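Survey of secondary and tertiary structure
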Amino acid sequence: MVIKPKIRGFICTNAHPAGCAAHVQQQIEYVKSQGDLGQGPKNVLVIGSSTGYGLASRIVSAFGHGAKTLGVFFEKPGSEKKTASAGWYNTAAFQQAADEAGIWAKNINGDAFSDEIKAQTIDMIKNELGQVDLIIYSLASPRRTDPKTGETYSSTLKPIGNSVTTKNLNTSKRIIDEVSVEAASEEEIANTVKVMGGEDWQLWIDALNEAGVLADNFKTTAYTYIGKELTWPIYGHATIGKAKEDLDRAAQEIKASTAALSGEAYVSSLNAVVTQASSAIPIMPLYISALFKVMKADGTYEGTIEQITALFKENLYGETPRFDDGGHLFQNYKELEDDVQQRVQAIWDSVDTDTIDELTDYVGYHKEFLHLFGFDLDGVDYEADVNPDVQINNLV
């Protein structure tokens, strides 16, 4: 079929296999162009490996350090009449590139929150890898079923304390308007922490530790975004921010529970970038569009693959890792510079519908959004008839 993007609100409901493959290959080529990245991992488990920062982490591990990678994800395959999810095509492309490069890689598709997928993953590590020395936790899900109780929790994107009305870039209508979000209830806050907090990360590390598949001196990290004053009302000081705070608790408990292995557990603070998750958060499309304008003008803009490449080299495996005041690996320091934030704030205060393209880089934002689903990539023939039913090699 000929596949064109089908956009509804802040999501794209289809994906292009050749475009996703081109996007993955671009990221691989970037990593390979960076030369020797220095010390790195050997056997890597990436939980949430099919899109965004998780996918970038797998690419850097494999093509920057030659590491064996086991990816866990929850994606939908395609058929003759329907496209797969973007993450499915991303993984198929990554696996093909790894096979061609002679790099070991295997994949598990299922609910990473479940005990069954944890057990399947542990069996694979025991049989194929022995132990893992890096565990990336990069899940982004709107709901989670607790494997112990069977209860399903849903997350919400709401402020805490008071409702918020703020300027917004309406991506459906391409206008500047306002969005109002009511304050979260205590139950909604607790449910969001249950879905997006550190509990499942901790359960993964506990299960791996009990099974004896964590290497001595292993490292693990989960990813967070903290931001500053502009994004705090709906992000940092909101339900999602409260969930991210719980990652800090989990990191400390992971360190304590794996002390015998001298394990290292970090929360890594990363840039605001266009992901399937960030596109759904009020404020973020306008904030990111303004941020792109400022950072691209300064030559400091970094997408997901640039951020993760630098995170590995400078922080996770760097000799002098950089920490923020909260003890997180501090990779988004360029975004949070006072001068950058002041210029973003100035754009925010003055932009209206007529000046979106002049004052912000919404064009760049939208292009990055399309890239997530394999659209608008240079060198891809979008008029060609393509088969949406793509298989993933080494899918367990």
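Everything below is about the structure shown above.
Residues numbered from 1 in each chain as written. Predicted model: local features only at pLDDT ≥ 70, side-chain atom pairs only at ≥ 80, totals over all residues. Heavy atoms only, no water.

Considerations on the overall build of the protein
The helix and strand tally for the protein stands at twelve helices and 13 strands. The C-alpha radius of gyration of the protein comes to 20 Å, within 12% of the 21 Å expected for a compact globule of 396 residues. For the C-alpha atoms alone, the extent of the protein along its principal axes is close to 60 × 50 × 45 Å. For the protein, the proportion of its 396 residues judged to be buried stands at 55%. For the protein, restricting intrachain contacts to residue pairs at least 6 apart in sequence, the fraction spanning at least 24 positions comes to 77%. With the model as given, the accessible surface of the protein reaches about 16,700 Å², and the carbon-plus-sulfur share is 47%. Positive and negative charge centroids in the protein, built from 34 and 55 side chains respectively, lie 3 Å apart. (Helix = DSSP H or I, 4+ residues; strand = E, 2+ residues; numbered from the N terminus. Rg over C-alpha atoms; globule rule 2.2 N^0.38 Å. Buried < 20%, exposed > 50% of the residue type's maximum accessible area, 1.4 Å probe, protein only. Contact = heavy atoms within 4.5 Å. Areas by Shrake-Rupley, 256 points an atom, 1.4 Å probe, with all protein chains shown as cover. Lys, Arg positive; Asp, Glu negative; His and termini not counted. Charge placed at Lys NZ, Arg CZ, Asp CG, Glu CD.)

Brief notes about the packing of helix H8 (residues 284-298) against helix H12 (residues 362-372)
Where H8 contacts H12, the axes come no closer than 8 Å and their chain directions differ by 110 degrees. Considered as vectors, H8 and H12 are oriented roughly perpendicular to each other. For the pair H8 and H12, the crossing hand works out as right-handed. Taking contact as the criterion, the partners of Pro285, Ile288, Ser289, Phe292 and Lys296 in H8 are, on H12, Tyr362, Gly364, Tyr365 and Glu368. (Axes fitted to C-alpha atoms, helices over the stretch in contact; angles between N-to-C directions. Parallel < 35°, antiparallel > 145°, perpendicular 65-115°, else oblique. Left-handed = near helix turned anticlockwise from the far one by under 90°.)

Focus on the layout of surface pockets
By volume, the second largest pocket amounts to about 370 Å³. Taken together, 20 residues make up the lining of the second largest pocket; nearest its centre are His23, Gln27, Thr304, Ile305 and Glu368. Those elements that provide at least two residues to the lining of the second largest pocket are helix H1 (17-33), helix H2 (52-65), helix H9 (304-316) and H12. Top element by residues in the lining of the second largest pocket is H1. It accounts for four residues. (1 Å grid on protein atoms, 1.4 Å probe; cavity = no way out; pocket = protein on both sides within 12 Å on 5 of 7 lines; lining within 4 Å. Points joined across faces, edges and corners; volume = space filled by probe spheres on them.)

Quick notes on the pairing of strand E3 (residues 43-47)
For E3, the tally of buried residues reaches five of five residues, placing the bulk of the element in the interior. Burial along E3 is two-sided: Asn43, Leu45 and Ile47 facing one way and Val44 and Val46 facing the other are all buried. Looking at chain direction, E3 and strand E4 (residues 68-73) are connected through five bridges and run parallel. Bridge pairing links Ile47 to Val72 in E4. Taken together, E3, H2 and E4 constitute a β-α-β crossover, and its handedness is right-handed. Here E3 runs beside strand E6 (residues 132-137); their pairing, made up of four bridges, is parallel. What sits directly across from Val44, in E6, is Leu134. (Pairing = 2+ DSSP bridges. Right-handed = clockwise from strand over helix to strand, strands pointing away.)

A word on the environment of Val31
Residue placement: Val31 occurs in helix H1. On the basis of relative accessible area, Val31 is assigned to the buried category, the value being 1%. Separated by 277 residues in sequence, Val31 and Ile308 place their C-alpha atoms 9.7 Å apart. Beyond its immediate stretch of four places on either side in the chain, Val31 contacts Leu37, Ile59, Val60, Phe63, Gly64, Ile305 and Thr309.

Digging into the state of the cysteines
Counted under the stated rule, the structure contains zero disulfides. With no disulfide of its own, Cys12 has Cys20 as its nearest cysteine by sulfur position, at a separation of 9.3 Å. (Disulfide = S-S within 2.5 Å.)

Read these as layout, nothing more, since geometry by itself doesn't imply function.
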